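These are the residues of each chain, in order.
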Amino acid sequence: MNVLGIETSCDETGIAIYSAGKGIIAERLYSQIELHRAYGGVVPELASRDHIRRTLPMIDEILRDSNMVAKDIDAIAYTAGPGLIGALLVGASVAKSLALAWGVPSIGIHHMEGHLVAALLAEDAPEYPFIALLVSGGHTQLMACQRAHHYQLLGESQDDAAGEAFDKVAKMLGLSYPGGPAIAKIAVQGTPGRFKFPRPMTNKPGLNFSFSGLKTFTLNTVNDLRGQSGRDLSSQEKADIAFAFQDAVVDTIRIKCERAMEQTGLDRLILAGGVSANIELRARLKQSVQKHHGQVFYPPLNLCTDNGAMIAYAGYLRLQHGHQESLSIEVRPRWPMSELNESELNESELNESELNESELNEHQTK
Ligand code: KG4
Ligand code: ZN
């Protein structure tokens, strides 16, 4: 079975083919970073227009790359949400139209489920159950995953997502977008201990996060250094701030992950989403989880940020479970992951109706 994956939720057009038994056989990614750079963030209308320009030509290219033609594709998966509505609609319309023309099923994927299953594409993929730490530009969530397609939210950010905080702090330091890789790069030159930033929400119990106070703390540090004259920071000062900020984010996430593992008794942790590309985060979590005799897993580095491969694979997994959808084009810019737990709902509804039926039978025989 060959599944074509289409990702267009934000500023990357990602197209890939997942082939059963072989894995990802072709993938292409087009990043719009240059298009949005001058604006310091993603401009939704420009993003949608660029997805329109890229999606179909990239599908042609990917078929050529894999020596395939349309009739070799058995299903089409696309990101149905969360994300920018116009950008999502481009992927959804292309996927649905091609599926209709080619006579194959299409399936809408939750973007964060895509990120999560990217970790299952790694060579040493974990078995269920596990805890998933999903850290991207829009989400920071800890999930308990007892089985496939079942998500129990343990905690999430009350304000900025981890990636968003990296992006905003990068802007304060005059670094380019996206901020995560830019901060990670200069943090290597930072002086440990020069600044000590807070670890928000770690001295109270609970698994929620908050990064907006840390962002303000960073801004105050920057302003203190700039002083009344408003001078520019030296590159060493920027590196020291980047180090302290990254250290605080990573340490906060480590504390919450350890807590989640203790609380649930689960000893496997998977990391996914753009921020899971952060080398310091990967190393620190590995060290801490191993100390507690657990195991940590992450996606291959090229599959941490948005891509089409994760959507193709998530589509394959859902189709294997018999998931289907109608032909209407619907996207969900906001979409809590817990709403994916449909199968459990149906199962319990089923049990309930079975129960009512047997109660009824019992009643009738009396
Ligand atoms: O998952 P993703 O590609 O898009 C969303 O779904 O949001 O994540 C993008 C986010 C950005 O905020 C970016 O700054 C962050 O991931 N990011 C990183 C790193 N690489 C990307 N954050 C920290 N360290 C990195 N190496
Ligand atoms: Zn993403």
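One can find the structure itself at the top, above this paragraph.
Our subject in this report is the structure included herewith. The structure presented is a predicted model; accordingly, all values stated were derived computationally and were not measured. (Residues numbered from 1 in each chain as written. Chains lettered and ligands numbered in written order. Predicted model: local features only at pLDDT ≥ 70, side-chain atom pairs only at ≥ 80, totals over all residues. Heavy atoms only, no water.)

A few words on the pairing of strand E3 (residues 23-31). Bridging between strand E2 (residues 12-19) and E3 involves eight bridges; their strand directions are antiparallel. Paired with Ala-16 across the two strands is Glu-27, which belongs to E3. Between the end of E2 and the start of E3, which pair antiparallel, lie three residues, with Gly-21 showing a positive phi angle near 85°. (Pairing = 2+ DSSP bridges. Helix = DSSP H or I, 4+ residues; strand = E, 2+ residues; numbered from the N terminus.)

Around ligand 1 sit 19 residues, and of these His-115, Gly-137, Asp-167, Gly-180 and Gly-274 come closest. A distance of 2.9 Å separates an oxygen atom of ligand 1 from a polar side-chain atom of His-115. Measuring from an oxygen atom of ligand 1, one finds a backbone N or O atom of Gly-163 at 3.1 Å. Protein chains shield 88% of the accessible area of ligand 1, which is 550 Å² for the free molecule. Here ligand 1 occupies the largest pocket. Sorting the residues of the shell around ligand 1 by element identifies helix H4 (111-118), helix H5 (162-172) and helix H6 (179-187) as the ones contributing at least two each. Tallied by class, residues from the shell around ligand 1 come to five nonpolar, twelve polar and two charged. Three or more residues apiece are contributed to the shell around ligand 1 by two domains, here domain 1 (2-116 + 305-335) and domain 2 (125-293). (Near = heavy atom within 4 Å. Polar contact = N/O pair within 3.5 Å; in protein donor to acceptor, adjacent residues only side chain to side chain. Areas by Shrake-Rupley, 256 points an atom, 1.4 Å probe, with all protein chains shown as cover. 1 Å grid on protein atoms, 1.4 Å probe; cavity = no way out; pocket = protein on both sides within 12 Å on 5 of 7 lines; lining within 4 Å. Sits in = over half its atoms within 2 Å of the grid points. Nonpolar A, V, L, I, M, F, W, Y, C, P; charged D, E, K, R; others polar. Domains from an automatic or database assignment.)

Moving on, we get to the sheet that holds strand E10 (residues 295-297). The mixed open sheet is built from five strands, whose spatial order is E8-E7-E6-E9-E10. Each of the sheet's edge strands pairs with one partner strand only, and the pair in question is strand E8 (152-156) and E10. Across this sheet, the average inter-strand angle for adjacent strands is 20°, counted without regard to direction. Inspection of the sheet shows strand E6 (residues 130-135) paired to strand E7 (residues 140-145) by six bridges, in the antiparallel sense. Residue Ile-131 lies in a different strand from E7, and its bridge partner there is Ala-144. (Axes fitted to C-alpha atoms, helices over the stretch in contact; angles between N-to-C directions.)

For H6, every residue scored as buried is listed here: Gly-179, Gly-180, Ala-182, Ile-183 and Ala-187. Buried positions in H6, seen along its axis, are confined to an arc of 170° and lie on one side of it. Opposite the packed face of H6, turned more than 90 degrees from it, sit the exposed residues Pro-181 and Lys-185. Contact partners of the buried residues in H6: H5 and helix H8 (235-264). (Buried < 20%, exposed > 50% of the residue type's maximum accessible area, 1.4 Å probe, protein only. Arc of directions from axis to C-beta. Contact = heavy atoms within 4.5 Å.)

Our focus in this paragraph is the layout of surface pockets. Put simply, the largest pocket is a space of about 1,500 Å³. What lines the largest pocket is a set of 50 residues, among which Cys-10, Ser-136, Gly-137, Gly-138 and His-139 lie closest to the centre. At the level of secondary structure, the elements contributing two or more residues to the lining of the largest pocket comprise H4, E7, H5 and H6. Ranked by the residues each element gives to the lining of the largest pocket, the list is headed by H5, at six residues. Counted by class, the lining of the largest pocket contains 20 nonpolar, 19 polar and eleven charged residues. No fewer than three residues from each of domain 1 (2-116 + 305-335) and domain 2 (125-293) sit in the lining of the largest pocket. (Points joined across faces, edges and corners; volume = space filled by probe spheres on them.)

Next up on the list: the packing of aromatic side chains. Using the criterion set out here, one finds eight aromatic pairs in the structure. Taking 4.7 Å as the distance between ring centres and 45° as the angle between the ring planes, the aromatic pair formed by Tyr-18 and Tyr-313 counts as tilted. In this pair, Tyr-18 sits in strand E2 while Tyr-313 sits in helix H10 (residues 308-320), placing the two residues 295 residues apart along the sequence. The exposure classification of Tyr-18 matches that of Tyr-313, with both residues buried. When the ring of Phe-209 is compared with that of Phe-211, the centres are 6.0 Å apart and the planes differ by 20°; the resulting orientation is stacked. This pair shows no difference in class: Phe-209 is buried, exactly as Phe-211 is. (Phe/Tyr/Trp six-rings, centres within 6.5 Å; stacked < 30°, edge-to-face > 60°.)

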